[in-house]
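Spelled out, the chains give:
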Amino acid sequence: MDSNSEKTELPNSVRLLSSLSDIDRLQWDTCANPGWSSTRPLDSKPQEIPYNPFLSYDFLSSLEESGSASDSSGWYARHLVLEKPGDAPLAVVPAYLKTHSQGEYVFDHGWADAYERAGGSYYPKLQMSVPFTPVTGRRLLIANQSSQSVHKQIVALLAAAIQQVTVQFEASSAHLTFLTEQEWEALSDMDFLRRTDQQFHWQNNGYTTYDDFLAALSSSKRKALRKERRRALENDIEIEWLTGSDLKEEHWDVFFDFYLDTGNRKWGTPYLTRQFFSLIGERMADRVLLIMAKRQGRYIAGALNFIGSDTVYGRNWGCLEDHPFLHFELCYHQAIDWAIANGYQTVEAGAQGAHKLARGYVPTTTYSAHWIPNAGFRDAVEHYLEQERLHVKMEQQALSAHAPFKKSD
């Protein structure tokens, strides 16, 4: 089929959803995680797009239904669906009209202040992301296509739809955060500005045990990590890995207390509600790994992870007792242990944190794309981003030079 005939078959109908409940679960997941289903075991690894738990209907609908990401919290769902009338969607985009910049992890508060000082109204803005989740993944969720040219045309249609929706709602700007590098490059050709940042990810370079991983480190770093892990488990602390049917409501009760304690100490108002944890436990327990620390028969700390097809994603942590290095043990070392034991390639341990470098997590670039219709504001932001990208690159190079691994000859 030639490209002209392919173009005539593309849909030109975009509708907006004010709730995930307005679309069939299978239709959403067919676009979000092509080739996967809620019952497909994660050890059956297809060659197509990896499974991302945060893009799934179950995860996003749990955020909405629990009130964590909803109108009342300033996340007004405006999900885009690209389709032929009466046919299954070819693409969807998780999108929210927002009245603040909380829960995004790509900081634009300075942009908002500058826009307001110039007499404009920065909010609402259009946000294409997974709420409260600084994890890289596709944002233009296109169902599998056999033709690259069709895929490229759909990307262009979605980009145009995002721009149109931004204008329609009189939003100051549109933001796609933690998108893939491929999407980032494609959108730069469609008037979207490019931004970078970095996180720290662990990579499994063929390790079969944690000792294999330690053997790749310099002698001093290896000794330091062994000592750190011993210190973390002093005072008779025991570790449990909980997933699937092992997860019970009593575990979520305790972990929510941990989560509230961390939230209250860090930013005052935790984002996630108690119901959210029950919903993910009900809907996607096999995609959840809860690492819990227990002392004297009582849970004292925990770290929540989600499981992709090849990646373990660390998300939330909390504790009720303060023990040296326990945070590092639960969030970083135990995640590596589980990934090695289960044959996973990557551990993403969340946003920021250069302290992860000493634990074997290496700098990794993250990407975001931004569309700003106001020409003057766009020019100012574009100049800023040019300088910021250079700074991120230089910092990443400097940090990489201090990675704990043995130096090659």
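See the structure above.
Note that the structure is predicted; figures quoted are calculated from it, not measured.

A.B. asks: Before we move on, can you summarise the pattern of salt bridges with the specific residues and values?
C.D. replies: Applying the stated criterion across every chain, the model contains 17 salt bridges. Linking Lys125 and Asp108 is a salt bridge whose minimum nitrogen-to-oxygen distance equals 2.7 Å. Of the two residues, Lys125 is situated in strand β6 (residues 125-128) and Asp108 in the loop between β5 (96-98) and α4 (109-117); the sequence distance between them amounts to 17 residues. Both residues of the pair, Lys125 and Asp108, belong to the buried class. Salt-bridge contacts for Arg231 lead to Glu234; the nearest nitrogen and oxygen are separated by 3.5 Å. Classification of Arg231 as partly exposed rests on a relative accessible area of 32%. The network of salt bridges with common partners includes Lys98, Glu104, Asp108 and Lys125.

A.B. asks: Could you give me a rundown of the environment of Thr365, with the residues and numbers involved?
C.D. replies: By secondary structure assignment, the location of Thr365 is in strand β15 (residues 362-371). Counting along the chain gives 31 residues from Thr365 to Gln396, while the straight-line C-alpha distance between them is 8.2 Å. At 3.0 Å, the side chain of Thr365 and the side chain of Gln396 are in polar contact.

A.B. asks: Give me the lowdown on the packing of aromatic side chains, citing residues and values where you can.
C.D. replies: The relation between two aromatic rings is expressed through the spacing of the ring centres and the mutual angle of the planes. Summed over the entire model, instances satisfying the criterion amount to 31 aromatic pairs. Relative to Phe132, the ring of Trp75 has its centre 5.3 Å away and its plane inclined at 65 degrees; by these criteria the two rings are edge-to-face. Placement of Trp75 in strand β2 (residues 75-77) and of Phe132 in the loop between β6 and β7 (141-142) is noted, with a sequence separation of 57 residues between them. On the numbers, 6.4 Å between centres and 80 degrees between planes, the contact of Tyr122 with Phe377 is edge-to-face. A residue pair is termed long-range when its members are at least 10 positions apart, and Tyr122 in the loop between α4 and β6 and Phe377 in helix α12 (residues 375-400) qualify at 255 residues. Phe377 carries the same exposure label as Tyr122, and that label is buried.

A.B. asks: Outline the packing of helix α3 (residues 57-65) against helix α10 (residues 274-283), supporting the account with residue identities and numerical values.
C.D. replies: Describing two packed helices takes the angle between their axes plus the distance from one axis to the other. For the pair α3 and α10, interaxial distance at closest approach is 9 Å and the crossing angle is 150 degrees. In this view, α3 runs roughly antiparallel relative to α10, as classed from their interaxial angle. As for how α3 packs across α10, the hand of that crossing is right-handed. Facing α3, whose interface residues are Asp58, Phe59, Ser61, Ser62, Leu63 and Glu65, α10 presents Gln275, Phe276, Leu279, Ile280 and Arg283. Its residues assigned to classes, the contact of α3 with α10 comprises five nonpolar, three polar and three charged.

A.B. asks: A description of α12 should follow, citing residues and the corresponding values.
C.D. replies: Given a rise of 1.5 Å per residue, 26 residues ought to cover 38 Å, and the 37 Å separating the end C-alpha atoms of α12 matches this to within 8%. Among all positions of α12, only Phe377, Arg378, Val381, Leu385, Glu388, Val392, Gln396 and Leu399 are buried. Residues of α12 that are buried make contact with α4, β9 (193-203) and β15. With a side-chain oxygen lying 3.2 Å from the backbone nitrogen of Gly376, the N-terminal cap of α12 falls on Asn374.

A.B. asks: Explain the sheet that holds β7 residue by residue, including any values.
C.D. replies: The strand order across the open sheet formed by four strands is β1-β3-β4-β7, and the pairing between neighbours is antiparallel. The sheet is open, and its two borders are formed by β1 (13-17) and β7, each paired with just one other strand.

A.B. asks: Go over the nonpolar core, please, and point to the residues and values.
C.D. replies: A general tendency of soluble globular proteins is for nonpolar side chains to be buried together. Membership of the largest hydrophobic core comes to 45 residues, with the highest contact counts inside it found for Trp28, Phe59, Trp252, Phe255 and Phe277. The dominant element in this core, judged by the number of residues it contributes, is helix α9 (residues 249-266), at five residues. Non-local contacts of Trp28, meaning those with residues more than four positions away in its chain, are made with Leu20, Ile23, Leu55, Ser56, Tyr57, Leu60, His79, Val92, Val93, Pro94 and Leu141. With 36 residues, the next largest nonpolar core counts Phe200, Ile237, Ala301 and Tyr332 among its residues.

A.B. asks: Now, about helix α6 (residues 181-188): what can you tell me, with residues and values included?
C.D. replies: Residues of α6 that are buried include every one of Glu183, Trp184 and Leu187, and no others. On an axial view of α6, the arc spanned by its buried residues comes to 105 degrees, and they lie on one face. In this structure, the buried side of α6 is in contact with α5 (148-168), β8 (174-179), β9, β15 and α12.

A.B. asks: Would you mind going over the sheet that holds strand β13 (residues 311-319) in detail, with residue names and values included?
C.D. replies: Working definition: the strands of a sheet are paired by backbone hydrogen bonds and lie parallel or antiparallel to each other. In spatial order, the strands read β2-β5-β6-β8-β15-β9-β14-β13-β12-β11-β10; together these 11 strands make up an open sheet with mixed pairing. Where the open sheet ends on each side, the last strands, each with one partner, are β2 and β10 (237-242). Adjacent strand axes in the sheet meet at a mean angle of 30 degrees when their direction is disregarded. Relative to β15, β8 runs antiparallel, the two sharing five bridges. Bridge pairing links Leu179 to Tyr367 in β15. Packing against the sheet, α12 makes contact with β9 and β15, and its axis sits at approximately 20 degrees to β9.

A.B. asks: Tell me about the pairing of β9, residues and numbers included.
C.D. replies: The two faces of the sheet receive side chains in turn, since in a regular strand these alternate between them. Among the 11 residues in β9, eight count as buried, and that is most of the element. Note: β9 against β15, nine bridges, orientation antiparallel. The residue bridging Thr196 from the neighbouring strand is Tyr367, located in β15. Pairing of β9 with strand β14 (residues 346-351), which is carried by four bridges, proceeds in the antiparallel orientation. The partner of Gln203 across the bridge, within β14, is Thr346.

Cut-off values and rules
Residues numbered from 1 in each chain as written. Predicted model: local features only at pLDDT ≥ 70, side-chain atom pairs only at ≥ 80, totals over all residues. Heavy atoms only, no water. Salt bridge = Lys/Arg side-chain N within 4 Å of Asp/Glu carboxyl O. Helix = DSSP H or I, 4+ residues; strand = E, 2+ residues; numbered from the N terminus. Buried < 20%, exposed > 50% of the residue type's maximum accessible area, 1.4 Å probe, protein only. Polar contact = N/O pair within 3.5 Å; in protein donor to acceptor, adjacent residues only side chain to side chain. Phe/Tyr/Trp six-rings, centres within 6.5 Å; stacked < 30°, edge-to-face > 60°. Axes fitted to C-alpha atoms, helices over the stretch in contact; angles between N-to-C directions. Parallel < 35°, antiparallel > 145°, perpendicular 65-115°, else oblique. Left-handed = near helix turned anticlockwise from the far one by under 90°. Contact = heavy atoms within 4.5 Å. Nonpolar A, V, L, I, M, F, W, Y, C, P; charged D, E, K, R; others polar. Expected span 1.5 Å × (residues − 1). Pairing = 2+ DSSP bridges. Core = buried A, V, L, I, M, F, W, Y, C linked by side-chain atoms within 4.5 Å. Arc of directions from axis to C-beta.

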